[in-house]
Amino acid sequence: MLEAMVNCYPLNFLFVNIALASLDALLAFIAFFQLSRIHLRNLQIGWTRQKVLHFIIGSSNCGYFIYFLCMVIATCKRWLCWSDACGFVLMAFPEILFLGAFLLLLSFWVDLCHQANDEEDGDEENSSQQALLESSKSKAGLSNTDSRRKCCSFQGIHVGSRQKIVIVVIMLNIVLMIVFAAIIWIGARKNPSDSMVVARVYIDFFATSVLILGGAFGCYGFLLFSKLRRVRSEKASSEMRKVVGLAVVSVLCFTSSSLIALLSDIPLFHHWNLKKLNSVKALVLLILHYVLGSSVPFAFVLWFMRELPAQSTINRQVQPRAITFISHGAAGMHQHRYWATATSSKNQVSRASPI
């Protein structure tokens, strides 16, 4: 099997594809393994932003793994559809998931940067939403059936306005991918060179989007860093290091990968015309394009999100309510306000975590 692949696929690119596929498989395994640990730690809680990010990262890396393996098999087996829409979709879909993961993370940073401005207007609304959230959590803890429903159901997810924009952007990218795939499929039957021109346009468009995304991470990373500097606590300093690290990595990796795609034809020739990539320089740039473009940023996000969330405290929340009911007069009202204030401050701290 390996000898047959060597005969039909360049040996140096074969090793590169196997290495990239192995790296993506490792990242996908880590993401899904961490997702299962997070879910088992809090069975009563449904989909959170940490779970969603792990799921998207794992899915994107699975897509890259399938793409690199299929590239070798399609070349050796001479799949006719590989140079048409099939190969293009397998190439583009993991990139869209990659874009979605970092757009989602950027939307949380934007929420945190503008949280101070919106906090006064939304205090009353947030308190009522928090009461509803606590009520739904207490109901979910009554039976195992409800916890299973929360694991598999997306009805309990609260989607913010900026997260809705991210969903719309990802859906538009998927529609754009389908349109480009249809154009490539039609053009491949008339003139294969036209298909490469269409693919070149899509690659340039996506590289420009990633370049803009890197600049946005740099800007909002600086804003978030300046806000966290005003908070003097160990948690704030820890989050500040995460923000600076991820912002620097995003700017450097996204810029480098995008410039390689914009200033060279390496991603295009790697998929459609491998014979033109016959130099060591092209091989190195190809590795840098994929490693810096997806593997390194994903690895940093997984490392920064390695800490498990706190265990569910549904059973503990019943005790303060019992103490509140036992209290009498003004002391009882003061105790009730104390518990409400403590709960609100804890929620704000947990919500302020940028990663």
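Please refer to the structure placed before this passage.
Small disclaimer: the values here were computed from a predicted structure and weren't measured. (Residues numbered from 1 in each chain as written. Predicted model: local features only at pLDDT ≥ 70, side-chain atom pairs only at ≥ 80, totals over all residues. Heavy atoms only, no water.)

(A) Local environment of the overall build of the chain. Assigned secondary structure in the chain consists of 14 helices and zero strands. For the chain, the sequential pattern of α-helices and β-strands runs α-α-α-α-α-α-α-α-α-α-α-α-α-α. Buried positions account for 39% of the 355 residues belonging to the chain. Intrachain contacts of the chain at a sequence separation of at least 6 include 80% that bridge at least 24 residues. (Helix = DSSP H or I, 4+ residues; strand = E, 2+ residues; numbered from the N terminus. Buried < 20%, exposed > 50% of the residue type's maximum accessible area, 1.4 Å probe, protein only. Contact = heavy atoms within 4.5 Å.)

(B) Examining the environment of Leu99 more closely. Mapped onto the fold, Leu99 is located in helix α4 (residues 85–113). Measuring from C-alpha to C-alpha, the distance between Leu99 and Ser294 comes to 9.5 Å, with 195 residues separating the pair along the chain.

(C) Structural detail: the packing of helix α10 (residues 234–263) against helix α12 (residues 280–304). At a closest axis distance of 9 Å, the pairing of α10 and α12 adopts a crossing angle of 160°. With respect to their mutual orientation, α10 and α12 come out roughly antiparallel. When the axes of α10 and α12 are compared, the crossing they make is left-handed. The residues of α12 that touch α10, namely those facing Lys242, Gly245, Leu246, Val249, Cys253, Phe254, Ser256, Ser257, Ile260 and Ala261, are Leu285, Leu288, His289, Leu292, Gly293, Val296, Pro297, Phe300, Val301 and Phe304. Of the residues that constitute the contact of α10 with α12, the class distribution is 14 nonpolar, five polar and one charged. (Axes fitted to C-alpha atoms, helices over the stretch in contact; angles between N-to-C directions. Parallel < 35°, antiparallel > 145°, perpendicular 65-115°, else oblique. Left-handed = near helix turned anticlockwise from the far one by under 90°. Nonpolar A, V, L, I, M, F, W, Y, C, P; charged D, E, K, R; others polar.)

(D) How the structure looks around the packing of aromatic side chains. The full count for this structure, using the stated rule, is 18 aromatic pairs. Geometrically, the ring pair formed by Trp109 and Phe217 is edge-to-face, given 5.2 Å between the ring centres and 75° between the ring planes. Note that Trp109 is positioned in helix α4 and Phe217 in helix α9 (residues 192–228), a separation of 108 residues in sequence. Across this residue pair, the class does not change: Trp109 and Phe217 are buried. Every member of this aromatic cluster is reached through a ring pair, and the members are Phe98, Phe102, Trp109, Phe217, Phe254 and Phe298. Over the ring of Phe108 we find Arg49; its NZ or CZ atom is 5.2 Å from the centre of that ring. Against the face of Trp303 rests Arg306, its NZ or CZ located 3.9 Å from the ring centre. (Phe/Tyr/Trp six-rings, centres within 6.5 Å; stacked < 30°, edge-to-face > 60°. Lys NZ or Arg CZ within 6 Å of the ring centre and 35° of its normal.)

These results come straight from atomic positions and should not be treated as a statement about function.
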